[in-house]
Amino acid sequence: MAIREVVKYGDEILTKKCRPVEKFDEKLHTLLDDMAETMYEKDGVGLAAPQVGILRRIIVIDCGEGLIELVNPEIIRQSGEQLEGEGCLSCPGKYGIVSRPMYATVKAQDRNGKEFKIKGEGLLAKAFSHEIDHLDGILFLDKVIEFIEQ
Ligand code: NI
């Protein structure tokens, strides 16, 4: 496992739409391991592949209840709204209020290609929405309602 460099705001790689994963191979497993290690090292609750320079639909999340790996994730249901502060490992020093769903159900594949569904509420629903946005080239900065001074 290795810690990867996190791409910062301003790099155009963060504005690109990512392609789906088609091969569930050793290379994907290494990337997922590295992404998790990088997220933990930087004290993040989520990390998307474009943040480490890879334009594929892969995210890792840990909101304190264990590691979640999502390959080709899609929000298939969402409801409610939360207006909470959030930041991003690619946008150091920035923090602001974003409208996110309070509840979200995601359909994804695991590291071996097996499909599953997972439900999130509160912080986890916010993380699903924030990280899946990254896969479509959207940063939380594009959606901020109000910046909060740190
Ligand atoms: Ni982010």
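Please read these numbers as outputs of a predicted model, since none were measured by experiment.

Enquirer: Tell me about the pairing of strand E6 (residues 103-109), and name the residues and values.
Expert: Across the seven residues that make up E6, a large majority, five, are buried. Where strand E3 (residues 68-79) and E6 come together, six bridges link them in antiparallel fashion. Bridge assignment links Ser79 to a residue of E6, and that residue is Tyr103. Between E6 and strand E7 (residues 115-121), which pair antiparallel in sequence order, lie five residues; one of them, Gly113, sits at a positive phi of approximately 95°.

Enquirer: Give me the lowdown on the sheet that holds strand E8 (residues 146-147), citing residues and values where you can.
Expert: Within the open sheet, the three strands sit side by side as E4-E5-E8. Their pairing is antiparallel. Single-partner strands in this sheet number two, and they are strand E4 (82-86) and E8. Summarising the sheet, strand E5 (residues 96-100) and E8 pair through two bridges and their orientation is antiparallel. Across the sheet, Ile97 pairs through a bridge with Glu146, a residue of E8. Contacts from helix H2 (residues 123-135) reach E4 and E5, with the element oriented near 65° to E4.

Enquirer: So what's going on with the pattern of salt bridges? Residues and values would help.
Expert: In this structure the tally under the stated criterion is ten salt bridges. With a closest N to O distance of 3.1 Å, Arg57 and Asp136 form a salt bridge. In this pair, Arg57 sits in the loop between strand E1 (46-48) and strand E2 (58-61) while Asp136 sits in the loop between H2 and E8, placing the two residues 79 residues apart along the sequence. On the basis of relative accessible area, Asp136 is assigned to the partly exposed category, the value being 28%.

Enquirer: Explain the coordination of the nickel ion to me, and be specific about the residues and the numbers.
Expert: Donor atoms from the polypeptide that coordinate the nickel ion comprise Cys88 (SG), His130 (NE2) and His134 (NE2), at 2.1 to 2.3 Å from the metal. Here the donor residues for the nickel ion map to a single chain with the spacing C-x41-H-x3-H. Of this pair, Cys88 sits in the loop between E4 and E5 while His130 sits in helix H2, and the two are 42 residues apart along the sequence.

Enquirer: Kindly report on the environment of Gly122, identifying the contributing residues and their values.
Expert: With respect to the secondary-structure elements, Gly122 resides in the loop between E7 and H2. On a C-alpha basis, the gap between Gly122 and Glu81 in space is 9.2 Å, while along the polypeptide they are 41 residues apart. Residues contacting Gly122, with those up to four places away along its chain left out, are Gln82 and Met102.

Enquirer: Outline the nonpolar core, listing residues and values.
Expert: Ile59, Ile61, Ile68, Leu70, Val106, Ile118 and Phe128 are the most contacted members of the largest nonpolar core, which totals 16 residues. Counting only elements with at least two residues in this core, the list comes to E2, E3, E6 and H2. With residues up to four places along the chain from it excluded, the contact list for Phe128 reads Ile61, Leu70, Ile75, Ala104, Val106, Ile118, Lys119 and Gly120.

Analysis parameters
- Residues numbered from 1 in each chain as written.
- Predicted model: local features only at pLDDT ≥ 70, side-chain atom pairs only at ≥ 80, totals over all residues.
- Heavy atoms only, no water.
- Buried < 20%, exposed > 50% of the residue type's maximum accessible area, 1.4 Å probe, protein only.
- Helix = DSSP H or I, 4+ residues; strand = E, 2+ residues; numbered from the N terminus.
- Pairing = 2+ DSSP bridges.
- Contact = heavy atoms within 4.5 Å.
- Axes fitted to C-alpha atoms, helices over the stretch in contact; angles between N-to-C directions.
- Salt bridge = Lys/Arg side-chain N within 4 Å of Asp/Glu carboxyl O.
- Donors = N, O, S within 2.8 Å, 3.2 Å for Na, K, Ca; no water.
- Core = buried A, V, L, I, M, F, W, Y, C linked by side-chain atoms within 4.5 Å.

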